[in-house]
Every structure is written in C-alpha cells, then in structure tokens.
Amino acid sequence: MVDVFVLSGFLGSGKSTLLKELIQFEQKQGRRVGVIMNELGSISIDSAIVPDEVPLKELLNGCVCCTLQGELSLQIKRLLENYQLDVIYIEATGAAHPLEIIDACTHPLLVANINVRAVITLVNALQWYEGKMNNKIKKLLVEQIKFADIIVLNKIDKLENSVVEQLLGKLDQINSNARKISSTYAQIDLKLLYMTETNEHKTEQSEPTHVHNHLHLRTVKVALERPIERMKLVEWLEHFQGILYRAKGFVYITETPGLFLFNYAYGDPVFERYSIKETYTPTLVFIGENLDQDEIKKHVNQLYV
Ligand SMILES: Nc1nc2c(ncn2[C@@H]2O[C@H](COP(=O)(O)OP(=O)(O)OP(=O)(O)O)[C@@H](O)[C@H]2O)c(=O)[nH]1
C-alpha cells in the first residue's frame, strides 16, 4: 500500500513550502516519495521545489474540481505502475475542494493500492484573521478546513500569540476532529502526519463541491521580455488587492542581477534569489477573479525600464 497525503489550502497559504519539508523528511526516513502537483495555470512555478530524483506528475491548466479529476486518477496510477513508492503527496490548487481529490484517489482502479492517510489543510493565518475576502472564498476556506485531518495555521509570524490562540479556537469550532498546529514557514513536527487518524465521516457533511466554479478564477500568464523594475511591480500589485489572489513567477529585475523566484500572496510580495537548474523563461503568472488578460499585459509592459 502506498500512503497518500493531500495538501490543500487557499492560494499562497504555504502548501509548496510544506511540501519541500515533507520531501526532505520522507527521504531522511528512507521512504521513496512521489509528487503530483495541480496548478491552475499552464506552467508550474512550484514544481521547481521538487528535487530531480523525485518522480513528479503535473496537472496543469485546470483544477481537479472541474476537468482534471480523471487525469488525477490516471497520474496516480502511472506513478504506482512506473515507480516503487512508499508515499505520494498531492498538492492541490488553492481553489480545490479536498473532497474532489479524495474522490479521484478512491477511484476503483486505485483503492486497493493506496491508503489516503490524511488531508492536510494550510490556512493563511493573517488572511483568516482579517477576513478580507468575499463570501465565495470564505466558503471555500471553510470547506477546506472542514474536510481536513490536519490543519496547519501557517504564517503566524504576522500575528500576536493571543490572536493565534483565538484563531485555533475558531478552527476548532469548524472542525473539532482535526489535529491543529500553528506554524511559520510550515515548520511543523512532521512525525505527527503518521500519528493522525483520517476523519472517515467526511462525505456525510459534504456541501455542493464545485465551490470554486463560482469564483471565476482566471489565470493569466505573461512571458517577460527583459528585466522588470521590482518596485514598479510591487506598487502595481498593491492596487490590485481584492481581485488578485496570487502571483508568482521567475523574474529578472533591473535592481539586482540574477534570476529571482517571485511570490505574491495576500498582499505580500517576496523575491528570492534562485539558482538555476534548468532554463526558465522569465514569466509571471497571475491568479484572481475575472482578471482581464489584455489589461494585465499592458501593465506588465510598463514594468520594463
Ligand atoms: N511570512 C511568511 N511567509 C511564508 C510563510 N510560509 C510560506 N511563506 C511564503 O508565502 C509564499 C507562498 O508560499 P507557497 O508555499 O508557495 O504557497 P502555496 O500554498 O503553495 O501557493 P499556491 O501553490 O499558489 O496555492 C512564499 O513566498 C513563501 O515563502 C510564513 O509562515 N510566513
């Protein structure tokens, strides 16, 4: 039996950050790990964190919720057939409902060979605390919390301890069965993963599941022709809050030489120097509600010097 863990949580909550830790943890234990990543856009930025030796399947350009459920089952099957694995981690898009993933994992062709150990939902603590989101997103977050076996309240570096306690209490009201852990940069005791019982009653509480269909999330990808001005990008994104949930990509900036991994989630832009293992075309990916592709491309053009 191959263990399967599902990483759920809204855009930018820290799923890839946790995945990186998990891969190292499993490798240290001598367990063979495979990864499936689902991203809304047509290119995967997050897959750069997966080491070369780890088998990786990517489901791009859509969400398991809508069109890719069959594809997810197929990719799990391929991983099982082609590699000797002990554990598979599935990183869902931030817009996915965990039930849809569980559904795909419990495909009749797979159930005999895999054991879904836990749904791990990451919650962006600041986003959850401030509650500045529309009802559709709130509903999705609540669903992701409700269907979790482990809830990681991440990004607590942005909040006072007393607030963190309060938030953990609120999470408990939504899902009292799940194990709750607070963290910064998803630093948690990973041994807990294997000490958590799966919440078997999930399907009974099921809500209509295609929550994110109604979010009208759109992904816009823009290839960059040359280095951009870092500050111009940051200032522009500030005006975008509310409809832009996530941006990421690989960029060259005019201020400093070298390639940077760019991450923007919930008003927080981060540039990290990135050492190249493959050739990346500098690209920005934007994920948000009803994004206007032409408008975004026009703005990106203004980021060049
Ligand atoms: N300040 C702070 N930043 C964090 C923390 N955890 C992760 N980040 C940063 O938040 C950004 C988004 O993190 P990811 O791990 O890529 O989030 P994700 O959930 O995989 O994002 P999507 O795949 O787009 O849904 C990155 O720049 C991380 O370095 C944290 O605890 N505190």
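One can find the structure itself at the top, above this paragraph.
Reference entry: report on the structure contained in this document. Note that this is a predicted model, so its numbers are computed, not measured. (Residues numbered from 1 in each chain as written. Predicted model: local features only at pLDDT ≥ 70, side-chain atom pairs only at ≥ 80, totals over all residues. Heavy atoms only, no water.)

### Overview of the packing of aromatic side chains
Okay, so step 1: Taken as a whole and assessed by the stated rule, the structure comprises seven aromatic pairs.
Okay, so step 2: A ring pair is formed by Trp 236 and Phe 240, whose centres lie 5.2 Å apart and whose planes are at 35°; its orientation type is tilted. As far as burial versus exposure is concerned, Trp 236 and Phe 240 are alike and both buried.
Okay, so step 3: Relative to Phe 271, the ring of Phe 262 has its centre 4.8 Å away and its plane inclined at 40°; by these criteria the two rings are tilted. Each member of the pair, Phe 262 as well as Phe 271, carries the same accessibility label: buried.
Okay, so step 4: Three or more aromatic residues link up through ring pairs in this structure, and these residues are Phe 5, Tyr 89 and Tyr 194.
Okay, so step 5: Positioned over the ring face of Tyr 304 is Arg 226, at 4.4 Å from the centre of the ring. (Phe/Tyr/Trp six-rings, centres within 6.5 Å; stacked < 30°, edge-to-face > 60°. Buried < 20%, exposed > 50% of the residue type's maximum accessible area, 1.4 Å probe, protein only. Lys NZ or Arg CZ within 6 Å of the ring centre and 35° of its normal.)

### Re the side chain of Ser 8
Okay, so step 1: The residue Ser 8 is located in strand S1 (residues 2-9) in this model.
Okay, so step 2: A polar contact of 3.1 Å, which involves the side chain of Ser 8, links it to the side chain of Thr 121.
Okay, so step 3: Beyond its immediate chain neighbours, meaning those up to four positions away, Ser 8 contacts Lys 15, Pro 98, Val 119, Ile 120, Thr 121, Leu 122 and Gln 144. (Helix = DSSP H or I, 4+ residues; strand = E, 2+ residues; numbered from the N terminus. Polar contact = N/O pair within 3.5 Å; in protein donor to acceptor, adjacent residues only side chain to side chain. Contact = heavy atoms within 4.5 Å.)

### Looking at the nonpolar core
Okay, so step 1: Membership of the largest hydrophobic core comes to 33 residues, with the highest contact counts inside it found for Trp 128, Leu 153 and Leu 171.
Okay, so step 2: Only helix H4 (125-130), helix H5 (135-146), strand S6 (150-154), helix H6 (161-174), strand S9 (244-252), strand S10 (259-265) and strand S12 (283-289) provide two or more residues apiece to this core.
Okay, so step 3: Among the elements that make up this core, the one with the highest residue count is H6 (five residues).
Okay, so step 4: Counting contributing residues per domain, this core is built from domain 1 (2-213) and domain 2 (216-301), each supplying no fewer than three.
Okay, so step 5: Setting aside anything within four residues of it in sequence, one finds Leu 171 in contact with Val 123, Trp 128, Ile 145, Ile 151, Leu 153 and Lys 180.
Okay, so step 6: By size, the runner-up hydrophobic cluster in this structure holds 25 residues, among which are Leu 7, Val 87, Tyr 89 and Val 152. (Core = buried A, V, L, I, M, F, W, Y, C linked by side-chain atoms within 4.5 Å. Domains from an automatic or database assignment.)

### Digging into the site of the ligand
Okay, so step 1: Around the ligand, 19 residues are found, and the nearest of them are Lys 15, Thr 17, Tyr 185, Arg 246 and Lys 248.
Okay, so step 2: Tyr 185 is positioned with one of its backbone polar atoms (N or O) 2.5 Å from an oxygen atom of the ligand.
Okay, so step 3: Summarising the interface, the protein chains cover 93% of the accessible area of the ligand, which totals 650 Å² for the free molecule.
Okay, so step 4: One can see that the ligand is located within the largest pocket.
Okay, so step 5: The set of elements that each furnish at least two residues to the shell around the ligand consists of helix H1 (15-28) and S9.
Okay, so step 6: By residue number, the principal contributor to the shell around the ligand is H1, which donates three residues.
Okay, so step 7: Counting contributing residues, the shell around the ligand receives three or more from each of domain 1 (2-213) and domain 2 (216-301). (Near = heavy atom within 4 Å. Areas by Shrake-Rupley, 256 points an atom, 1.4 Å probe, with all protein chains shown as cover. 1 Å grid on protein atoms, 1.4 Å probe; cavity = no way out; pocket = protein on both sides within 12 Å on 5 of 7 lines; lining within 4 Å. Sits in = over half its atoms within 2 Å of the grid points.)

### Here's the deal with the pattern of salt bridges
Okay, so step 1: Here the structure, examined in full by the defined rule, presents 13 salt bridges.
Okay, so step 2: Its salt-bridge partner being Glu 81, residue Lys 77 comes within 3.1 Å of it at the nearest N-O pair. Of this pair, Lys 77 and Glu 81 both sit in helix H2 (residues 69-82), four residues apart, roughly one helical turn.
Okay, so step 3: Residue class for Glu 81 comes out exposed when judged on its relative accessible area of 52%.
Okay, so step 4: The residue Glu 143 makes a salt bridge to Lys 146 at a minimum N-O spacing of 3.4 Å. (Salt bridge = Lys/Arg side-chain N within 4 Å of Asp/Glu carboxyl O.)

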